[in-house]
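# Inside the fold
Listed here are the chains, written in short residue letters.
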Amino acid sequence: DGGITQSPKYLFRKEGQNVTLSCEQNLNHDAMYWYRQDPGQGLRLIYYSQIVNDFQKGDIAEGYSVSREKKESFPLTVTSAQKNPTAFYLCASSPVPLGNQPQHFGDGTRLSIL
Amino acid sequence: AQSVAQPEDQVNVAEGNPLTVKCTYSVSGNPYLFWYVQYPNRGLQFLLKYITGDNLVKGSYGFEAEFNKSQTSFHLKKPSALVSDSALYFCAVRDGGSNYQLIWGAGTKLIIKP
């Protein structure tokens, strides 16, 4: 079945450490997205990518970095510069252009501070 | 400014009764509107969308939504609620001039009591 796989499901970060969240899709979608979800708030866009080797900052990119070397993969690195990283992180994909097509979501990674 | 409002943090409904989850929006241009559902510790699942045409849109799991342009609303409805409908519901809108960014509501927790 086609879908989006996020790993790990749970992740713990030590002070000063960078951690990388994995996102892989087999839907053949060109566009991929990373969102952060905090309780009581809607989804906030961190980064998005329309095509391989290209990505743009979203609303809350500070302290995060991404790469898009393959169409299927869009890993997110939470750097030590992100001072409040505890959140639920969601990866999504959609055909390009987005048009009237919905985004498909993975099951998320929950990141906590040790 | 573009925005989406879900005025109720939580909606409580008895099983078998009709349910409504409210959403209002503000965008420039013609809106593309979406509803998603999220179960605990899972990603978001697409329910339905309005792009153009009939104001009453039917979606997954018996849900429907009514687009009202004059009231800038897109309320989610179901004639008879099930306990299994209990979840977090998100409304999202895309400005017709933006290809990639969705604007998300803060979410409404729906609780269906037996």
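Before reading on, note that the structure itself is shown above.
Residues numbered from 1 in each chain as written. Chains lettered and ligands numbered in written order. Predicted model: local features only at pLDDT ≥ 70, side-chain atom pairs only at ≥ 80, totals over all residues. Heavy atoms only, no water.

Attention now goes to the overall build of chain B. Regarding its fold elements, chain B presents 0 helices and 12 strands. Secondary structure elements in chain B, listed N-terminal to C-terminal, are β-β-β-β-β-β-β-β-β-β-β-β. Relative to the globule expectation of 13 Å for 114 residues, the C-alpha radius of gyration of chain B, 14 Å, shows essentially globular dimensions. Each of the three principal axes of chain B carries a C-alpha extent, and together these read 45 × 30 × 20 Å. Out of the 114 residues in chain B, the part that is buried amounts to 43%. The contacts of chain B with a sequence gap of at least 6 include a subset with a gap of at least 24, amounting to 56%. With an accessible surface of roughly 5400 Å², chain B has 48% of that area assigned to carbon and sulfur atoms. Separation of charge centres in chain B, based on 10 positive and 8 negative side chains, amounts to 3 Å. (Helix = DSSP H or I, 4+ residues; strand = E, 2+ residues; numbered from the N terminus. Rg over C-alpha atoms; globule rule 2.2 N^0.38 Å. Buried < 20%, exposed > 50% of the residue type's maximum accessible area, 1.4 Å probe, protein only. Contact = heavy atoms within 4.5 Å. Areas by Shrake-Rupley, 256 points an atom, 1.4 Å probe, with all protein chains shown as cover. Lys, Arg positive; Asp, Glu negative; His and termini not counted. Charge placed at Lys NZ, Arg CZ, Asp CG, Glu CD.)

This part covers the state of the cysteines. Residue and element names in this part refer to chain B. Within this structure, the stated rule accounts for 2 disulfides over all chains. Covalent S-S linkage joins Cys23 and Cys91, the inter-sulfur distance amounting to 2.0 Å. One disulfide, between Cys23 and Cys91, carries an S-S torsion of -65° and so falls in the left-handed class. Separated by 68 residues along the polypeptide, Cys23 in the loop between strand 3 (19-21) and strand 4 (24-26) and Cys91 in strand 10 (residues 87-95) bring together distant segments of the chain. Considered together, Cys23 and Cys91 belong to a single accessibility category, that of buried residues. (Disulfide = S-S within 2.5 Å.)

This paragraph deals with the pattern of salt bridges. Within this structure, the stated rule accounts for 7 salt bridges over all chains. Two residues, Asp107 of chain A and Arg42 of chain B, come together in a salt bridge whose shortest N-O distance is 3.1 Å. Pair noted here: Asp107 of chain A is in the loop between strand 10 (104-105) and strand 11 (109-113) and Arg42 of chain B is in the loop between strand 5 (31-38) and strand 6 (44-50), and the two residues belong to different chains. Overall, the relative accessible area of 31% leaves Asp107 of chain A in the partly exposed class. For Arg42 of chain B, a relative accessible area of 38% gives the class partly exposed. In this structure, Glu66 of chain B engages Lys77 of chain B in a salt bridge whose closest nitrogen and oxygen atoms are separated by 3.4 Å. Of this pair, Glu66 of chain B sits in strand 8 (residues 64-68) while Lys77 of chain B sits in strand 9 (residues 73-78), and the two are 11 residues apart along the sequence. Taking relative accessible area as the criterion, Glu66 of chain B reaches 37% and is therefore assigned partly exposed. Put simply, Arg36, Asp38 and Arg44 of chain A are held in one network by salt bridges that share partners. (Salt bridge = Lys/Arg side-chain N within 4 Å of Asp/Glu carboxyl O.)

Turning to the environment of Leu47 of chain B, a few remarks are in order. Residues and elements named next belong to chain B. With respect to the element layout, Leu47 can be found in strand 6. Given the relative accessible area of 2%, Leu47 is considered buried. Along the primary structure Leu47 and Phe34 are separated by 13 residues, whereas in three dimensions their C-alpha atoms are 7.6 Å apart. Non-local contacts of Leu47, meaning those with residues more than four positions away in its chain, are made with Trp35, Tyr36, Val37, Gly59, Ser60, Tyr61, Phe63, Leu76 and Tyr89.

Before going further, it helps to examine the nonpolar core. Residue and element names in this part refer to chain B. Among the nonpolar cores identified, the biggest contains 27 residues, and Leu19, Trp35, Leu47, Leu48, Phe74, Leu76 and Tyr89 are the most heavily contacted of them. Secondary structure elements with two or more residues in this core: strand 2 (10-14), strand 3, strand 5, strand 6, strand 8, strand 9, strand 10 and strand 12 (108-113). Per-element tally for this core: the top contributor is strand 10, with 4 residues. If we ignore the near neighbours within four places in the chain, the residues touching Phe74 are Cys23, Leu33, Phe34, Trp35, Leu48, Lys49, Tyr50, Ala65, Glu66 and Phe67. (Core = buried A, V, L, I, M, F, W, Y, C linked by side-chain atoms within 4.5 Å.)

Treat this as a map of the structure, not an account of what it does.
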